[in-house]
Amino acid sequence: MARRISMATRSELVEAIVERYRSGSRSDKRLILDEFVAVTGYHRKHAIRVLRQRASKIPGNKRHSLRYGGDVREALVVLWEAS
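Thresholds, definitions, all that
- Residues numbered from 1 in each chain as written.
- Predicted model: local features only at pLDDT ≥ 70, side-chain atom pairs only at ≥ 80, totals over all residues.
- Heavy atoms only, no water.
- Phe/Tyr/Trp six-rings, centres within 6.5 Å; stacked < 30°, edge-to-face > 60°.
- Lys NZ or Arg CZ within 6 Å of the ring centre and 35° of its normal.
- Salt bridge = Lys/Arg side-chain N within 4 Å of Asp/Glu carboxyl O.
- Helix = DSSP H or I, 4+ residues; strand = E, 2+ residues; numbered from the N terminus.
- Buried < 20%, exposed > 50% of the residue type's maximum accessible area, 1.4 Å probe, protein only.
- Patch = residues over 30% accessible without salt bridge, like charges linked within 9 Å, V, L, I, M, F, W, Y side chains within 5 Å.
- Areas by Shrake-Rupley, 256 points an atom, 1.4 Å probe, with all protein chains shown as cover.
- Core = buried A, V, L, I, M, F, W, Y, C linked by side-chain atoms within 4.5 Å.
- Contact = heavy atoms within 4.5 Å.
- Arc of directions from axis to C-beta.

Enquirer: Just checking my understanding: could you explain the packing of aromatic side chains for this structure?
Expert: Pairs of aromatic rings are described using the distance from one ring centre to the other and the angle between the two planes. As enumerated under the stated definition, the model contains one aromatic pair in all. When the ring centre of Tyr21 is taken as origin, the NZ or CZ atom of Lys29, which lies over that ring, is 5.4 Å away.

Following this line, the structure appears as structure tokens:
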């Protein structure tokens, strides 16, 4: 029975091989993917998505800019209260 690795170790593994996967030829990618799937236990398609992820992900704490000003908000409150 194959032994699976922890999530922390998986993410370290991804960081270690992602550049090699991206810059590899098609045959290199197939071999890298085979090894990655065997070690992590990921489904093949999921492994492809993980290895193709963007280089820099923005953390989840994004601030969205406001679309409407205070006057629009006040009008919406009046409409909401009236309904």
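Enquirer: Please explain the pattern of salt bridges as it appears in this structure.
Expert: A pair can form between side chains of opposite charge whenever their charged atoms are brought close. All told, the structure shown has three salt bridges when counted by the stated rule. With a closest N to O distance of 3.9 Å, Glu35 and Arg20 form a salt bridge. You can see Glu35 sitting in helix H2 (residues 26–40) and its partner Arg20 sitting in helix H1 (residues 7–23), a full 15 residues away along the chain. The partly exposed category is assigned to Glu35, whose relative accessible area is 48%. Residue Arg44 pairs with Asp34 through a salt bridge whose shortest N-O separation is 2.6 Å. Linking Arg44 in helix H3 (residues 44–51) with Asp34 in helix H2, this pair joins segments that are ten residues apart in sequence.

Enquirer: Could you clarify how one ought to interpret a nonpolar patch on the surface in this entry?
Expert: Where nonpolar side chains cluster on the molecular surface, the patch consists of Tyr68, Val72, Leu76 and Leu79 and spans about 420 Å² of accessible area. Turning to its location among the elements, Val72 is positioned in helix H4 (residues 70–82). Overall, Val72 belongs to the partly exposed group, its relative accessible area being 32%.

Enquirer: What should I look at first to understand the nonpolar core in this one?
Expert: Most often, soluble globular proteins have nonpolar side chains that are buried together. One finds Val14, Ile17, Tyr21, Ile32, Leu33, Phe36, Tyr42, Ala47, Val50 and Leu51 forming the largest nonpolar core, which totals ten residues. With residues near it in sequence (within four places) discarded, Val50 still touches Val14, Phe36 and Tyr42.

Enquirer: Can you help me understand H3 in this one?
Expert: For the α-helix, the turn length of 3.6 residues means that residues three or four positions removed from each other point alike. Inspection of H3 places Ala47, Val50 and Leu51 among the buried residues, and these make up the whole buried set. Considered in projection along H3, the buried side chains sweep an arc of 90 degrees and stay on one side of the axis.

Enquirer: How should the environment of Arg44 be read in this particular structure?
Expert: On the accessibility criterion, Arg44 (35% relative accessible area) is partly exposed. With sequence-adjacent residues up to four places away left out, Arg44 is seen in contact with Arg30, Leu33, Asp34 and Val37.

The values reported here are purely geometric and, on their own, carry no functional implication.
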